[in-house]
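# Structural characterization, general
Spelled out, the chains give:
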Amino acid sequence: YLGNRADNLETAIACHEEALRLILPGTHPRQWGSLHNNLANLYVERVLGPRDENLETAIESYHEALKVRDPESDPRDWAATTMNLGVACLNRLRGDRGKNLEEAIQYLEASLRVRTREAAPREWASAMTNLAQHHAFDLNRGNPLAARFETIIAAAHVKPVAIRIAAIEIAGAD
């Protein structure tokens, strides 16, 4: 990358926000949805500003993108945005951790209805990795929703050794 990462992200955010002033959801729904999804991704990566505000802005923008993306007419983009939203909720700093986690699980489960192992193996693996990592993280902290992760992962036929490896890596990071 050229230049300063923080400056580059700020420039990209400004460009996306300007484009959203020009492109309307009623006339260009695909572009509008893509702009909101990408803007949210930029806020997730943003270096400047309070992390909690950046994540809240990202979550709002993912919700905006989902206003024009649906699983029937745009399954691939809908699933991508839904998974991104789930990951943002997993990392959310505001609100009740349990409620944020429950919301994240709902979004990740929803994305897996489209991103199946057979139809989209790479995207499926990415979603399963997110679930497994956060499952291990919450198991280490005695989170009551950890059992739900076990059910999701077992249903998806993820090898238990992969879960143990993720748990060891995360535990070692603490």
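Quick summary incoming for the structure in this document.

Per the secondary structure count, the protein includes 8 helices and 0 strands. What you see in the protein, going N to C, is helices and strands ordered as α-α-α-α-α-α-α-α. Burial status across the protein gives 41% buried among its 174 residues. Carbon together with sulfur atoms contributes 56% to the accessible area of the protein, which is approximately 9700 Å² in total.

A few words now on the nonpolar core. Among the nonpolar cores identified, the biggest contains 32 residues, and Tyr-62, Leu-85, Cys-89 and Leu-112 are the most heavily contacted of them. Contributing elements (two or more residues each) for this core: α1 (5-22), α2 (29-45), α3 (51-66), α4 (75-91), α5 (97-114) and α6 (121-140). Not counting residues within four places of it along the chain, the set of residues in contact with Tyr-62 comprises Asn-37, Ala-40, Asn-41, Val-44, Thr-81, Asn-84, Leu-85 and Ala-88.

One pass over the structure, following the stated rule, counts 9 salt bridges. For Glu-45, the salt bridge goes to Arg-5, with nearest N and O atoms at 2.9 Å. One end of the pair, Glu-45, is in helix α2; the other, Arg-5, is in helix α1, and 40 residues separate them in sequence. Its relative accessible area of 46% is what places Arg-5 among the partly exposed residues. The shortest N-O distance in the salt bridge between Glu-64 and Lys-67 comes to 2.8 Å. Looking at Lys-67, the relative accessible area reads 60%, which means it is exposed. Through salt bridges that share partners, Arg-30, Asp-74 and Asp-77 make up one connected network.

On to the packing of α2 against α3. The interhelical angle for the contact between α2 and α3, taken along N-to-C directions, is 165 degrees, at an axis separation of 8 Å. Relative to α3, α2 is oriented roughly antiparallel. For the element pair α2 and α3, the recorded crossing hand is left-handed. Contact residues: Trp-32, Gly-33, His-36, Asn-37, Leu-39, Ala-40, Asn-41, Tyr-43 and Val-44 in α2; Arg-51, Asn-54, Leu-55, Thr-57, Ala-58, Ser-61, Tyr-62, Glu-64 and Ala-65 in α3.

The next point concerns the side chain of Arg-115. Within the secondary structure layout, Arg-115 lies in the loop between α5 and α6. Although Arg-115 lies buried, it forms no salt bridge, and the closest oppositely charged side chain, Glu-123, sits 5.1 Å away as judged by the N-O distance. If we ignore the near neighbours within four places in the chain, the residues touching Arg-115 are Ala-79, Ala-80, Met-83, Ala-120, Glu-123 and Trp-124.

What counts, and where the lines are drawn
Residues numbered from 1 in each chain as written. Predicted model: local features only at pLDDT ≥ 70, side-chain atom pairs only at ≥ 80, totals over all residues. Heavy atoms only, no water. Helix = DSSP H or I, 4+ residues; strand = E, 2+ residues; numbered from the N terminus. Buried < 20%, exposed > 50% of the residue type's maximum accessible area, 1.4 Å probe, protein only. Areas by Shrake-Rupley, 256 points an atom, 1.4 Å probe, with all protein chains shown as cover. Core = buried A, V, L, I, M, F, W, Y, C linked by side-chain atoms within 4.5 Å. Contact = heavy atoms within 4.5 Å. Salt bridge = Lys/Arg side-chain N within 4 Å of Asp/Glu carboxyl O. Axes fitted to C-alpha atoms, helices over the stretch in contact; angles between N-to-C directions. Parallel < 35°, antiparallel > 145°, perpendicular 65-115°, else oblique. Left-handed = near helix turned anticlockwise from the far one by under 90°. Lys, Arg positive; Asp, Glu negative; His and termini not counted.

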